[in-house]
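Working through the structure, step by step
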Amino acid sequence: MRYLIPESAVEFSEEIKKSRFITYLQATSGIEQAKAFWQQLKQQHPSARHHCWAAVAGRPNDSQQLGFSDDGEPSGTAGKPMLNVLLGSGIGEISAVVVRYYGGIQLGTGGLVRAYGNGVQQALKLLNTLEKIERQAFALRCDYEQIKLVQQLVKQYQVEIIEQQFAQRIALRLAIDEEQFAEFSQALYNRSGGSLTLTKINRP
């Protein structure tokens, strides 16, 4: 699977009715990292009234890696709007924290939803991303006279060679993009007359 992830952290600040909203975006892999990022910003801004957060901490479609908190704002006015913007971006492994310094003027529920959601939207415009390719590990054994063929196909299908062991035969550990697996596997089989097949292994 391929999806975008943050290349580096960004910050966006704006003032709305005397309240200061500072939005931080950062790459986080997993909910624990997302919560650690939130705690870090709470320590960095101890006098702020609210530290609201939302995270899509894994793949963009992995509901097990979603999280958010209103951190004292009325329910549904901060964390959920922030999360909805993150989900709409299609970016994975990302966390947003919005720090609010209260200015004494209440914004109302609609105003809060707009403020928190817009902060994340504006910060996303500043964000540079990278494409992450998730690969599955496979084992392959080949004869020495077949290695050139394997190397050609590995290059053609952007397969990563993790490890090579040379004995009576060559043992390879390969990392293959799910989207390329079927074509790569078929090409190996066809070009080798059916003698080269892949075996899935649990960990790369």
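Preceding block: the structure.
First, a word on what this report is: a plain description of the structure on this page.

Calculation notes
Residues numbered from 1 in each chain as written. Predicted model: local features only at pLDDT ≥ 70, side-chain atom pairs only at ≥ 80, totals over all residues. Heavy atoms only, no water. Buried < 20%, exposed > 50% of the residue type's maximum accessible area, 1.4 Å probe, protein only. Helix = DSSP H or I, 4+ residues; strand = E, 2+ residues; numbered from the N terminus. Pairing = 2+ DSSP bridges. Phe/Tyr/Trp six-rings, centres within 6.5 Å; stacked < 30°, edge-to-face > 60°. Axes fitted to C-alpha atoms, helices over the stretch in contact; angles between N-to-C directions. Parallel < 35°, antiparallel > 145°, perpendicular 65-115°, else oblique. Left-handed = near helix turned anticlockwise from the far one by under 90°. Contact = heavy atoms within 4.5 Å. Nonpolar A, V, L, I, M, F, W, Y, C, P; charged D, E, K, R; others polar. Core = buried A, V, L, I, M, F, W, Y, C linked by side-chain atoms within 4.5 Å.

Judged by how many residues are buried, strand 4 (residues 50–56) sits mostly within the fold: 7 of 7 residues are covered. Taking every second residue as pointing to the same face, both faces of strand 4 are buried, with H50, C52, A54 and V56 on one and H51, W53 and A55 on the other. Where strand 4 lies against strand 6 (residues 94–101), 7 bridges are found, and the strand directions are antiparallel. Residue H51 lies in a different strand from strand 6, and its bridge partner there is V99. The pairing of strand 4 with strand 5 (residues 66–69) spans 4 bridges and is classified as antiparallel. Directly across from W53, in strand 5, lies its bridge partner S69.

Applying the stated criterion to the full structure yields 5 aromatic pairs. For the ring pair F138 and F181, a centre distance of 4.7 Å and an interplane angle of 15° mean the geometry is stacked. Highlighted residues: F138 in strand 8 (residues 135–142) and F181 in helix 5 (residues 178–191), separated in sequence by 43 residues. Since its relative accessible area comes to 7%, F138 is described here as buried.

Attention shifts here to the packing of helix 2 (residues 79–89) against helix 3 (residues 108–126). It is the contact of helix 2 with helix 3, at a shortest axis distance of 8 Å, that shows an interaxial angle of 30°. In terms of their interaxial angle, helix 2 and helix 3 are classed as roughly parallel. The crossing of helix 2 and helix 3 is right-handed. In this structure, helix 2 uses P81, M82, V85, L86 and S89 to contact helix 3, whose residues at the interface are V113, Y116, G117, V120, Q121 and L124. A per-class count over the contact of helix 2 with helix 3 returns 8 nonpolar, 3 polar and no charged.

Take unusual backbone geometry next. Unlike most non-glycine residues, K18 shows phi in positive territory, near 75°. Looking at where K18 falls in the secondary structure, it is placed in the loop between strand 2 (10–16) and strand 3 (19–27). Located in the positive-phi region is E93, a residue other than glycine, with phi close to 50°. Here E93 lies in the loop between helix 2 and strand 6.

Grouped together as the largest cluster of nonpolar side chains are 24 residues, with contacts concentrated most on L25, M82, L86, I94, Y116, V120 and L124. Mapped onto this core, the elements with two or more residues apiece are strand 2, strand 3, strand 4, helix 2, strand 6 and helix 3. Top element by residues in this core is helix 3. It accounts for 6 residues. Residues within four places of L86 in sequence aside, it is in contact with L25, A54, A55, V56, I91, I94, A96 and V120. Judged by nonpolar contacts, the second largest core, of 19 residues, contains L140, L153, Y157 and F184.

Moving on, we get to the sheet that holds strand 6. Spatial ordering of the open sheet is given by 2-3-6-4-5, a layout of 5 strands whose pairing is antiparallel. Because the sheet does not close on itself, it has two edges, and the strands there are strand 2 and strand 5. Averaged over all neighbouring strand pairs, the angle between strand axes comes to 15°, with direction disregarded. Taken strand by strand, helix 1 (residues 31–44) contacts strand 3, strand 4, strand 5 and strand 6, and its axis lies near 160° from that of strand 4. Seen against the sheet, helix 2 touches strand 3, strand 4, strand 5 and strand 6 and runs at an angle of roughly 30° to strand 4.

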